[in-house]
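One-letter residues, chain by chain:
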Amino acid sequence: ASKAGGRGRASFYSPHMSTGVVRRLQLERALRNAIALRQLSVVFQPQLDLDEGRVVGFEALVRWRHPDLGQVSPAEFIAVAEDAGLINEIGEWVLVQSCRIAAQWSRPLSVAVNLSAVQVMTQDLPALVERALRQSGLPAARLEVEITESVLLNETEATLAQLHGLNRLGVRIALDDFGTGYSSMAYLRRFPFDKLKIDRCFVQALNRDPQARVIVRAIIDMATGLRMATLAEGVETPDELEALRAEGCTLVQGYLVAPPLPVEQVEPFLARHAASGVADLGV
Ligand code: C2E
Ligand code: MG
Ligand code: MG
Ligand code: MG
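Quick look at the structure, then. Everything numeric here is computed off the predicted structure, so don't read it as measured data.

Regarding the layout of surface pockets
Part 1 of the reasoning: Put simply, the second largest pocket is a space of about 150 Å³.
Part 2 of the reasoning: What lines the second largest pocket is simply Gln47, Asp49, Val56, Ser110, Arg172, Asp194, Lys195, Met228, Ala229, Thr250 and Leu251.
Part 3 of the reasoning: The residue makeup of the lining of the second largest pocket, split by class, is four nonpolar, three polar and four charged.

This is how it looks when you write it as structure tokens:
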């Protein structure tokens, strides 16, 4: 089953259906006030360039802490927000916050912001992104947006126009969770992607399953031939990093480098990282 389609919805159709529905309504109600009540925040996970041996950017990931429900995973609440018509407001908030925060960093590193398929279908993304860049002062070249393959299911002229509009601003576009959804090679020609993010499921299987390694190699070769960068997601062990390096992957992200960091931990991380480079990753 596709990850994009199953996210959140999996619990809805689970055997614990009644629990799922109750929880969903509860989340939806709570989510309506989450921004106003300042319950949302953004955390930042470093992305390491293997050639340069340094961190070149961060992925922005939304967090929601509710006083009673506690920490709710975005894997759960983003789907609720999409169904409840709340994702545009949340997505816009994450975008603006991420640009503002990145504009303050001591180094000109990039920030990657996830966009929901609903946002791509319903919002004027070039206008939205241009406004976020202008208000924050972040140069377009430092912003990347991540979309999943589910966006391409609605492959229309409008979708294409949205992505080309972003491209024209000078914003980069990454295809997230590559290989888990509707993986057609045809759209790689039509859409202006700058980066493929190889899903964690392939990374995990790399050193256990020779087939996974062949697939990862093929993805990297294809991306490289199409002049796209490749980033491996969810890298947790030095063995995984070594295998990815050997296959020619250019960027990695995962707990091995660092978990997603609260905003105030970004500069201390960068200072530590500058001192030790990749030496402390065991490779
Ligand atoms: P994603 O965009 O593929 O983000 C990667 C997820 O993997 C993040 O989960 C991250 O915390 C987690 N991760 C990173 N390194 C590792 C690792 O080494 N091992 C493991 N096991 N996990 C790792 P998170 O933050 O819970 O987000 C889950 C998903 O929710 C994201 O997947 C993305 O699809 C969605 N999401 C998160 N923030 C946003 C947002 O601001 N907007 C939208 N539309 N979606 C978001
Ligand atoms: Mg992502
Ligand atoms: Mg991903
Ligand atoms: Mg993923």
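Section: unusual backbone geometry
Part 1 of the reasoning: A positive phi angle is found at Asp177, which is not glycine, with a value near 55°.
Part 2 of the reasoning: Topologically, Asp177 is positioned in strand S6 (residues 172–178).
Part 3 of the reasoning: Phi angles above zero are rare outside glycine, and Arg227 is one such case at about 60°.
Part 4 of the reasoning: Mapped onto the elements of the fold, Arg227 is located in the loop between helix H12 (210–225) and strand S8 (229–232).
Part 5 of the reasoning: Looking at Arg227, the relative accessible area reads 76%, which means it is exposed.

Looking at the coordination of the magnesium ion (ligand 3)
Part 1 of the reasoning: Coordination of the magnesium ion (ligand 3) by the protein is provided by Asp176 (OD), Asp177 (OD), Glu233 (OE) and Glu233 (OE), with metal-donor distances spanning 2.0 to 2.5 Å.
Part 2 of the reasoning: All donors to the magnesium ion (ligand 3) come from one chain, and their sequence spacing reads D-D-x55-E.
Part 3 of the reasoning: In this structure, the magnesium ion (ligand 3) lies 3.9 Å away from the magnesium ion (ligand 2), the two metals sharing Asp176 as a donor.

Some remarks on the nonpolar core
Part 1 of the reasoning: Judged by nonpolar contacts, the single largest core of 84 residues is most densely connected at Phe58, Leu143 and Phe193.
Part 2 of the reasoning: Considering every element that reaches this core, the biggest residue donor is helix H5 (residues 87–103), with eight residues.
Part 3 of the reasoning: The residues touching Phe193, leaving out its near neighbours within four places in the chain, are Ile147, Leu152, Leu163, Ile173, Leu175, Tyr187, Leu188 and Met228.

Let's talk about the pairing of strand S4 (residues 110–114)
Part 1 of the reasoning: Of all five residues making up S4, four are buried, and the element is well covered by its neighbours.
Part 2 of the reasoning: Note: strand S2 (residues 54–66) against S4, four bridges, orientation parallel. Across the sheet, residue Glu59 finds its bridge partner in S4, namely Ala112.
Part 3 of the reasoning: Of the strand pairs in this sheet, S4 and strand S5 (residues 143–148) are connected by four bridges, and their pairing is parallel. Across the sheet, residue Ala112 finds its bridge partner in S5, namely Glu144.

Examining the coordination of the magnesium ion (ligand 2)
Ideal donor angles around a metal are set by the shape: a four-donor tetrahedron calls for 109.5 degrees, a six-donor octahedron for 90 or 180 degrees.
Part 1 of the reasoning: Of the protein atoms, only Glu59 (OE), Asn114 (OD1), Glu146 (OE) and Asp176 (OD) coordinate the magnesium ion (ligand 2), at distances of 2.0 to 2.2 Å.
Part 2 of the reasoning: Taking the relative accessible area as the measure of exposure, Asp176 reaches 6% and is therefore buried.

Things to note about the site of ligand 1
Part 1 of the reasoning: Near ligand 1 there are 23 residues, and of these Gln45, Arg63, Asp176, Glu236 and Tyr255 occur at the shortest range.
Part 2 of the reasoning: Measuring from an oxygen atom of ligand 1, one finds a side-chain N or O atom of Arg63 at 2.8 Å.
Part 3 of the reasoning: Compared with its free state, where it exposes 790 Å², ligand 1 has 87% of that area covered by protein.
Part 4 of the reasoning: Contributing elements (two or more residues each) for the shell around ligand 1: S2, helix H4 (74–83) and S6.
Part 5 of the reasoning: The biggest single contributor to the shell around ligand 1 is S2, with four residues.
Part 6 of the reasoning: For the shell around ligand 1, a count of residues per class yields 10 nonpolar, five polar and eight charged.

Focus on the pairing of strand S1 (residues 40–49)
Sheet faces and side chains relate simply in a regular strand, where the side chains alternate between the two faces.
Part 1 of the reasoning: Most of S1 is tucked away, with nine of its 10 residues classed as buried.
Part 2 of the reasoning: Where S1 and S2 come together, 10 bridges link them in antiparallel fashion. Bridged to Gln45 within S2 is Glu59.

Some details on the packing of aromatic side chains
Part 1 of the reasoning: Going through the model one piece at a time under the given rule, you end up with six aromatic pairs.
Part 2 of the reasoning: Between Phe58 and Trp105 the ring centres are 5.0 Å apart and the planes differ by 50°, which places this aromatic pair in the tilted class. Here the residue Phe58 occupies a position in strand S2, and Trp105 occupies one in the loop between H5 and S4, the gap between them amounting to 47 residues. Neither Phe58 nor Trp105 differs from the other in exposure class; each is buried.
Part 3 of the reasoning: On the basis of an interplanar angle of 80° and a centroid distance of 5.4 Å, the ring pair of Trp64 and Phe77 is categorised as edge-to-face. Note that Trp64 is positioned in strand S2 and Phe77 in helix H4, a separation of 13 residues in sequence. You'll find Trp64 and Phe77 in the same group, each marked buried.
Part 4 of the reasoning: What links up through ring pairs into an aromatic cluster is the set Phe44, Phe58, Trp105 and Phe269.

About the cut-offs
- Residues numbered from 1 in each chain as written.
- Chains lettered and ligands numbered in written order.
- Predicted model: local features only at pLDDT ≥ 70, side-chain atom pairs only at ≥ 80, totals over all residues.
- Heavy atoms only, no water.
- 1 Å grid on protein atoms, 1.4 Å probe; cavity = no way out; pocket = protein on both sides within 12 Å on 5 of 7 lines; lining within 4 Å.
- Points joined across faces, edges and corners; volume = space filled by probe spheres on them.
- Nonpolar A, V, L, I, M, F, W, Y, C, P; charged D, E, K, R; others polar.
- Helix = DSSP H or I, 4+ residues; strand = E, 2+ residues; numbered from the N terminus.
- Buried < 20%, exposed > 50% of the residue type's maximum accessible area, 1.4 Å probe, protein only.
- Donors = N, O, S within 2.8 Å, 3.2 Å for Na, K, Ca; no water.
- Core = buried A, V, L, I, M, F, W, Y, C linked by side-chain atoms within 4.5 Å.
- Contact = heavy atoms within 4.5 Å.
- Pairing = 2+ DSSP bridges.
- Near = heavy atom within 4 Å.
- Polar contact = N/O pair within 3.5 Å; in protein donor to acceptor, adjacent residues only side chain to side chain.
- Areas by Shrake-Rupley, 256 points an atom, 1.4 Å probe, with all protein chains shown as cover.
- Phe/Tyr/Trp six-rings, centres within 6.5 Å; stacked < 30°, edge-to-face > 60°.

Purely spatial values, then, with no claim about function.
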